Amino acid sequence: FQQAFVRGILCNWLVCMAVYMASGCSSMIGKMTAVWFPISAFVALGLEHSVANMFMIPLGIMRGAEITIGQFLTGNLLPVTLGNIVGGMLCVMGPYGSTFGGWFKKKKDD
(Lines give C-alpha, C1' and ligand atoms only; values in the text may rest on other atoms or scores of the structure.)
Protein backbone atom coordinates (compact mmCIF):
# COMPACT_ATOMS: atom_id res chain seq x y z
CA PHE A 1 0.00 0.00 0.00
CA GLN A 2 2.74 2.47 0.99
CA GLN A 3 4.83 1.95 -2.12
CA ALA A 4 1.86 2.45 -4.44
CA PHE A 5 0.77 5.51 -2.43
CA VAL A 6 4.21 7.16 -2.70
CA ARG A 7 4.46 6.30 -6.40
CA GLY A 8 1.06 7.95 -6.87
CA ILE A 9 2.18 11.12 -5.06
CA LEU A 10 5.35 11.46 -7.13
CA CYS A 11 3.56 10.68 -10.37
CA ASN A 12 0.81 13.23 -9.97
CA TRP A 13 3.31 15.85 -8.84
CA LEU A 14 5.03 15.44 -12.22
CA VAL A 15 1.75 15.32 -14.16
CA CYS A 16 0.41 18.45 -12.46
CA MET A 17 3.70 20.25 -13.05
CA ALA A 18 3.45 19.34 -16.73
CA VAL A 19 -0.03 20.84 -16.93
CA TYR A 20 1.05 23.92 -14.96
CA MET A 21 4.10 24.51 -17.16
CA ALA A 22 2.13 23.96 -20.36
CA SER A 23 -0.47 26.50 -19.28
CA GLY A 24 2.28 29.11 -19.08
CA CYS A 25 3.39 28.57 -22.69
CA SER A 26 1.86 30.43 -25.60
CA SER A 27 3.12 28.31 -28.52
CA MET A 28 2.20 24.72 -29.26
CA ILE A 29 5.85 23.64 -29.43
CA GLY A 30 6.41 25.19 -26.01
CA LYS A 31 3.43 23.33 -24.58
CA MET A 32 4.61 20.04 -26.07
CA THR A 33 8.11 20.53 -24.68
CA ALA A 34 6.77 21.52 -21.25
CA VAL A 35 4.65 18.37 -21.09
CA TRP A 36 7.23 16.01 -22.60
CA PHE A 37 9.87 16.01 -19.88
CA PRO A 38 7.73 15.51 -16.73
CA ILE A 39 5.57 12.86 -18.40
CA SER A 40 8.64 11.06 -19.75
CA ALA A 41 10.16 11.18 -16.27
CA PHE A 42 7.11 9.59 -14.62
CA VAL A 43 7.05 6.81 -17.21
CA ALA A 44 10.83 6.21 -17.00
CA LEU A 45 10.73 6.15 -13.18
CA GLY A 46 7.91 3.58 -13.19
CA LEU A 47 5.52 5.76 -11.21
CA GLU A 48 1.80 5.04 -10.96
CA HIS A 49 -1.09 7.12 -12.29
CA SER A 50 -4.61 5.97 -11.53
CA VAL A 51 -6.02 6.80 -14.96
CA ALA A 52 -3.22 4.93 -16.76
CA ASN A 53 -3.68 1.98 -14.39
CA MET A 54 -7.42 1.89 -15.10
CA PHE A 55 -6.48 0.94 -18.66
CA MET A 56 -3.29 -1.08 -18.31
CA ILE A 57 -4.19 -3.41 -15.43
CA PRO A 58 -7.63 -4.47 -16.75
CA LEU A 59 -5.94 -5.01 -20.13
CA GLY A 60 -3.45 -7.29 -18.37
CA ILE A 61 -6.29 -9.11 -16.62
CA MET A 62 -8.03 -9.67 -19.97
CA ARG A 63 -4.77 -10.96 -21.42
CA GLY A 64 -4.40 -13.53 -18.63
CA ALA A 65 -2.50 -11.86 -15.79
CA GLU A 66 -3.09 -13.65 -12.51
CA ILE A 67 -4.66 -10.79 -10.58
CA THR A 68 -8.22 -10.41 -9.40
CA ILE A 69 -10.36 -7.31 -9.63
CA GLY A 70 -10.32 -7.09 -5.82
CA GLN A 71 -6.52 -7.19 -5.73
CA PHE A 72 -6.41 -4.50 -8.38
CA LEU A 73 -8.85 -2.24 -6.54
CA THR A 74 -7.41 -2.60 -3.03
CA GLY A 75 -3.75 -3.16 -3.82
CA ASN A 76 -3.30 -0.64 -6.62
CA LEU A 77 -6.17 1.61 -7.61
CA LEU A 78 -7.10 2.81 -4.11
CA PRO A 79 -3.59 3.70 -2.87
CA VAL A 80 -2.52 5.15 -6.23
CA THR A 81 -5.65 7.31 -6.50
CA LEU A 82 -5.18 8.58 -2.95
CA GLY A 83 -1.52 9.26 -3.73
CA ASN A 84 -2.48 11.13 -6.90
CA ILE A 85 -4.88 13.30 -4.91
CA VAL A 86 -2.27 14.07 -2.24
CA GLY A 87 0.40 14.73 -4.86
CA GLY A 88 -1.77 17.20 -6.71
CA MET A 89 -3.00 18.96 -3.58
CA LEU A 90 0.10 19.13 -1.40
CA CYS A 91 2.89 19.23 -3.96
CA VAL A 92 1.40 21.54 -6.59
CA MET A 93 -1.86 23.22 -5.65
CA GLY A 94 -0.90 24.03 -2.04
CA PRO A 95 2.43 25.77 -2.70
CA TYR A 96 1.25 27.59 -5.83
CA GLY A 97 -2.11 28.54 -4.35
CA SER A 98 -0.55 29.93 -1.19
CA THR A 99 2.19 31.76 -3.11
CA PHE A 100 0.25 33.23 -6.01
CA GLY A 101 -3.36 32.95 -4.82
CA GLY A 102 -5.22 35.03 -2.30
CA TRP A 103 -5.47 32.48 0.52
CA PHE A 104 -3.50 34.36 3.17
CA LYS A 105 -4.18 37.94 2.08
CA LYS A 106 -6.33 40.18 4.21
CA LYS A 107 -9.64 41.07 2.66
CA LYS A 108 -10.28 44.77 2.26
CA ASP A 109 -13.42 46.17 3.83
CA ASP A 110 -15.41 48.25 1.37
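As shown above, the structure is provided for reference.
Residues numbered from 1 in each chain as written. Predicted model: local features only at pLDDT ≥ 70, side-chain atom pairs only at ≥ 80, totals over all residues. Heavy atoms only, no water.

## Quick word on helix H4 (residues 69-100)
Moving on, step 1. Along H4, the helix axis deviates most sharply at methionine 93, where the bend reaches about 40 degrees; the proline proline 95 sits within four residues downstream.
Moving on, step 2. Along its buried surface, H4 packs onto helix H1 (2-23) and helix H3 (50-62). (Bend = angle between axes of the 7 residues up to and from the residue. Helix = DSSP H or I, 4+ residues; strand = E, 2+ residues; numbered from the N terminus. Contact = heavy atoms within 4.5 Å.)

## Concerning the environment of methionine 32
Moving on, step 1. Among the secondary structure elements, methionine 32 is positioned in helix H2 (residues 28-44).
Moving on, step 2. Accessibility expressed as a relative area gives 47% for methionine 32, which makes it partly exposed.
Moving on, step 3. Each C-alpha atom of the pair methionine 32 and alanine 18 lies 9.4 Å from the other, and the pair is 14 residues apart in sequence. (Buried < 20%, exposed > 50% of the residue type's maximum accessible area, 1.4 Å probe, protein only.)

## Observations concerning the pattern of salt bridges
Moving on, step 1. Under the criterion given, the structure shown has 1 salt bridge.
Moving on, step 2. A salt bridge links arginine 7 to glutamate 48, with the nearest nitrogen and oxygen atoms 3.6 Å apart. Of this pair, arginine 7 sits in helix H1 while glutamate 48 is found in the loop between H2 and H3, placing the two residues 41 residues apart along the sequence. (Salt bridge = Lys/Arg side-chain N within 4 Å of Asp/Glu carboxyl O.)

## Quick notes on the side chain of asparagine 12
Moving on, step 1. In this structure, asparagine 12 sits in helix H1.
Moving on, step 2. Setting aside residues up to four positions removed in sequence, asparagine 12 forms contacts with His49, Asn84 and Gly88.

## Quick look at the packing of aromatic side chains
Moving on, step 1. The full count for this structure, using the stated rule, is 2 aromatic pairs.
Moving on, step 2. Seen from their ring centres, tyrosine 20 and tyrosine 96 are 4.3 Å apart, and the 45 degrees between their planes marks the pair as tilted. Here tyrosine 20, found in helix H1, pairs with tyrosine 96, found in helix H4; they are 76 residues apart in sequence, far enough to count as distant.
Moving on, step 3. Among the aromatic residues, ring-to-ring pairing joins Tyr20, Tyr96 and Phe100 into one connected group. (Phe/Tyr/Trp six-rings, centres within 6.5 Å; stacked < 30°, edge-to-face > 60°.)

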